[in-house]
Amino acid sequence: MAISEAKLETWARQGAITTSKNTHESIRYALTSNNSKIKDKNVEIFLQGSYKNSTNIRGDSDVDVVVKLNNIFYKDLSLLNDYERSLYSRDFSSANYSWYDFRQDVLETLIEYYGRWNIEEGNKSIKIEEGSNRLPADVVVCTQYRKYISYNGYSDNEYIEGINFFTLRENRQVVNFPKQHYDNGVEKNRKTNGLFKPVTRIFKNMKSYLIDSGDIEKKIAPSYFIENLLYNVPDNKFTGSYQNTVFNILEWLGTVDVDDFICQNGVNKLFGETPEQWNIRDAAYFYKKLVDLWDEGV
């Protein structure tokens, strides 16, 4: 027995998007108004996560909003040779304003706008409580990040641009590449004739079903990792009905070595031991439960 096509069609539907748009616009207004402490800085404010990537399902709540400072950047020079690094050092010096300063200015601006009772400091984000016509939000405060590929001078260099921030509890650097993640997801969806994103929503709903039935804990299969996992599935497995596609994916995943799977951003590896990577043991357990659910049907 397999999960019915009717159930898969229901699970493939996108969740509401209007309130996420309102949430984004509210935060943008707060951070660009005349009272904002960052209004005169070179800042980008954009959605990331499931609402940005159109993989949100019914029941998704928190909206992820990135606030990125471009006046300064953190960098990775590990791919440069000694000469290139010397050129870089000649052209750049340490900034007087840091990520920590920027985060504090964003925090104080949000407190002033929404009220202290609506703001909580998380380890990786500033959390804003749900409000009138506004979903709860995780505001990721970050700076620009540059992973340099080459450096021959201030106007002659190549780098991969990402975002950079630090955790509050461990003071650990976190680097990600949300724009590449989004662009690659759009391209994957195009190459799979529009199946990648709805099928991602199906797998997220399968996860929710397993959580609700007590078969898995939420923490073993974050939605971000599920989307990254499916990004690695060959395009030709996304074909025909939803039943056919889900079957193809489950069958293929049961035959491959996932060690070298990459994240959807095309830069990071999906599996590893860092907090920003998926544990293979958790992924294997989740896969087993997906197969059991498929065999049992819904």
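Structural notes, computed from the coordinates. (Residues numbered from 1 in each chain as written. Predicted model: local features only at pLDDT ≥ 70, side-chain atom pairs only at ≥ 80, totals over all residues. Heavy atoms only, no water.)

To continue, consider unusual backbone geometry. Phi at Asn133 takes a positive value of approximately 60°, unusual for a residue other than glycine. Note on placement: Asn133 falls in the loop between β4 (126-128) and β5 (137-151). By relative accessible area, Asn133 is classed as exposed at 51%. Phi at Asn193 takes a positive value of approximately 55°, unusual for a residue other than glycine. Mapped onto the fold, Asn193 is located in the loop between α6 (178-191) and α7 (196-212). Since its relative accessible area comes to 71%, Asn193 is described here as exposed. (Helix = DSSP H or I, 4+ residues; strand = E, 2+ residues; numbered from the N terminus. Buried < 20%, exposed > 50% of the residue type's maximum accessible area, 1.4 Å probe, protein only.)

This part is about helix α1 (residues 5-12). Buried within α1 we find Leu8, Trp11 and Ala12. Down the axis of α1, the sector holding all buried residues measures 100°, keeping them to one side. Contact partners of the buried residues in α1: α7, α9 (242-253) and α10 (280-296). (Arc of directions from axis to C-beta. Contact = heavy atoms within 4.5 Å.)

In this section: the pairing of strand β7 (residues 173-176). Pairing between strand β6 (residues 157-166) and β7: four bridges, direction antiparallel. Paired with Phe165 across the strands is Val174, a residue of β7. As consecutive antiparallel partners, β6 and β7 are separated by six residues, and within that stretch Asn171 has a phi angle of approximately 55°, a positive value. (Pairing = 2+ DSSP bridges.)

The next thing to look at is the state of the cysteines. What the rule picks out here adds up to zero disulfides. Cysteine Cys142 shares no disulfide, and the gap to the nearest cysteine sulfur, in Cys263, comes to 17 Å. The class for Cys142 is buried, based on a relative accessible area of 0%. Taking relative accessible area as the criterion, Cys263 reaches 2% and is therefore assigned buried. (Disulfide = S-S within 2.5 Å.)

Further remarks concern the nonpolar core. In this structure, Phe203, Trp278 and Phe286 are the most contacted members of the largest nonpolar core, which totals 38 residues. Elements represented by at least two residues in this core include exactly α1, α7, α8 (223-231), α9 and α10. Contacts of Phe203, omitting those with residues within four sequence positions, involve Ile226, Leu230, Val246, Ile249, Leu250 and Leu290. One finds Leu47, Leu69, Val106 and Ile128 within the second-largest nonpolar core, a separate group that totals 33 residues. (Core = buried A, V, L, I, M, F, W, Y, C linked by side-chain atoms within 4.5 Å.)

Okay, the packing of α7 against α9 next. Running from N to C, α7 and α9 cross one another at 70°; their axes reach a closest spacing of 11 Å. Taken as axis vectors, α7 and α9 run roughly perpendicular relative to one another. On the side of α7, the interface is formed by Pro198, Val199, Ile202 and Phe203, while α9 contributes Tyr242, Thr245, Val246, Ile249 and Leu250. Broken down by class, the residue content of the contact of α7 with α9 amounts to eight nonpolar, one polar and no charged. (Axes fitted to C-alpha atoms, helices over the stretch in contact; angles between N-to-C directions. Parallel < 35°, antiparallel > 145°, perpendicular 65-115°, else oblique. Nonpolar A, V, L, I, M, F, W, Y, C, P; charged D, E, K, R; others polar.)

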